[in-house]
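The primary structure of each chain is shown beneath.
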Amino acid sequence: MTAQTPSKEQQLLRQTVVGSRRASNYLSAAVVTIGGTGFLLAGISSYLRINLLPFSDPTRLVFIPQGIAMGFYGTVGTLFALYLWLTILWDVGGGYNEFDRVTGQVKIFRWGFPGKNRQIEVTCKTEDVQAIRVDLREGINPKRSLYLRVKGIRDVPLTRVGQPLPLSALENQGADLARFLGVPLEGL
């Protein structure tokens, strides 16, 4: 989420939320694609006895059990790589948070997987916003996120999923947003 400091005269605050189009996801998808394709070609090479890999000779592998195992791992790896690339293409989790003082509306928008609920949108009035909540959990799997506490619905997440934000950036974003909306900041 990109931090924007609201000014006194600013009437609209829009925060972009990065979804699955992050550098780490591109790197992971590329590595899984290369690995899955390599394993799949090794399995096919051991079956056909034709070398399809330029850097090794998998034709010397015995098809049962080694070639079948390589083919299975290659198929699973290639399917997982396809899933990762489609998630990046569809930008799952990407979107924006928009807070408008003029219309009195808060709009949270995210992209999901294709289907009936591809566009995920939560809209509420600014007067229904009770607080901005900061959720901090440290340990092996740290979690640092901001939530919008709204009357009548559960807390709405405002930050991206994935790497936790630095504590100082999270505090600044939460304080700026609470100041912009005129609500308290909870959880610190």
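Computed from a predicted model, the values in this text were never measured in an experiment.

Asker: Give me the lowdown on the layout of surface pockets, citing residues and values where you can.
Answerer: Where empty space is left in the structure can be found by rolling a water-sized probe over the atoms. A volume near 830 Å³ is recorded for the largest pocket. Around the largest pocket, the lining comprises 36 residues; the ones closest to its centre are Gly-93, Thr-159, Arg-160, Val-161 and Gly-162. Those elements giving two or more residues to the lining of the largest pocket turn out to be helix 1 (23-48), helix 2 (63-90), strand 3 (105-111), strand 4 (119-125), strand 6 (143-150) and strand 7 (156-157). Looking at the lining of the largest pocket residue by residue, the class counts come to 17 nonpolar, 11 polar and eight charged.

Asker: I'd like a description of the side chain of Asp-100, backed by residues and values.
Answerer: Along the chain, Asp-100 falls in strand 2 (residues 95-100). Of the side chains bearing the opposite charge, Arg-101 lies closest to the buried Asp-100, which forms no salt bridge; the N-O distance is 8.1 Å. Side-chain polar atoms of Asp-100 contact the backbone nitrogen of Val-102, separated by 3.0 Å. If near-sequence neighbours (up to four positions away) are discounted, Asp-100 is found in contact with Gln-11, Leu-12, Gln-105 and Thr-126.

Asker: An account of the nonpolar core is requested, with residue identities and associated values reported.
Answerer: Membership of the largest hydrophobic core comes to 20 residues, with the highest contact counts inside it found for Phe-99, Ile-132, Leu-148, Leu-158 and Leu-181. Element by element, the count of residues in this core is highest for helix 3 (residues 167-181), at five residues. Beyond its immediate chain neighbours, meaning those up to four positions away, Leu-148 contacts Phe-99, Val-106, Ile-108, Val-129, Ala-131, Ile-132, Asp-155, Val-156, Leu-158 and Leu-181.

Asker: How would you summarise helix 1 if you had to cite specific residues and measurements?
Answerer: The first and last C-alpha atoms of helix 1 sit 37 Å apart over 26 residues, in line with the 38 Å expected at 1.5 Å per residue. Three or more residues of helix 1 are buried, namely Ala-29, Gly-36, Gly-38, Ala-42, Gly-43, Ser-45 and Ser-46. Looking at the packing, one finds that the buried side of helix 1 touches helix 2. Phi for Arg-49, located one or two positions after helix 1, is positive at around 60 degrees.

Calculation notes
- Residues numbered from 1 in each chain as written.
- Predicted model: local features only at pLDDT ≥ 70, side-chain atom pairs only at ≥ 80, totals over all residues.
- Heavy atoms only, no water.
- 1 Å grid on protein atoms, 1.4 Å probe; cavity = no way out; pocket = protein on both sides within 12 Å on 5 of 7 lines; lining within 4 Å.
- Points joined across faces, edges and corners; volume = space filled by probe spheres on them.
- Helix = DSSP H or I, 4+ residues; strand = E, 2+ residues; numbered from the N terminus.
- Nonpolar A, V, L, I, M, F, W, Y, C, P; charged D, E, K, R; others polar.
- Buried < 20%, exposed > 50% of the residue type's maximum accessible area, 1.4 Å probe, protein only.
- Lys, Arg positive; Asp, Glu negative; His and termini not counted.
- Salt bridge = Lys/Arg side-chain N within 4 Å of Asp/Glu carboxyl O.
- Polar contact = N/O pair within 3.5 Å; in protein donor to acceptor, adjacent residues only side chain to side chain.
- Contact = heavy atoms within 4.5 Å.
- Core = buried A, V, L, I, M, F, W, Y, C linked by side-chain atoms within 4.5 Å.
- Expected span 1.5 Å × (residues − 1).

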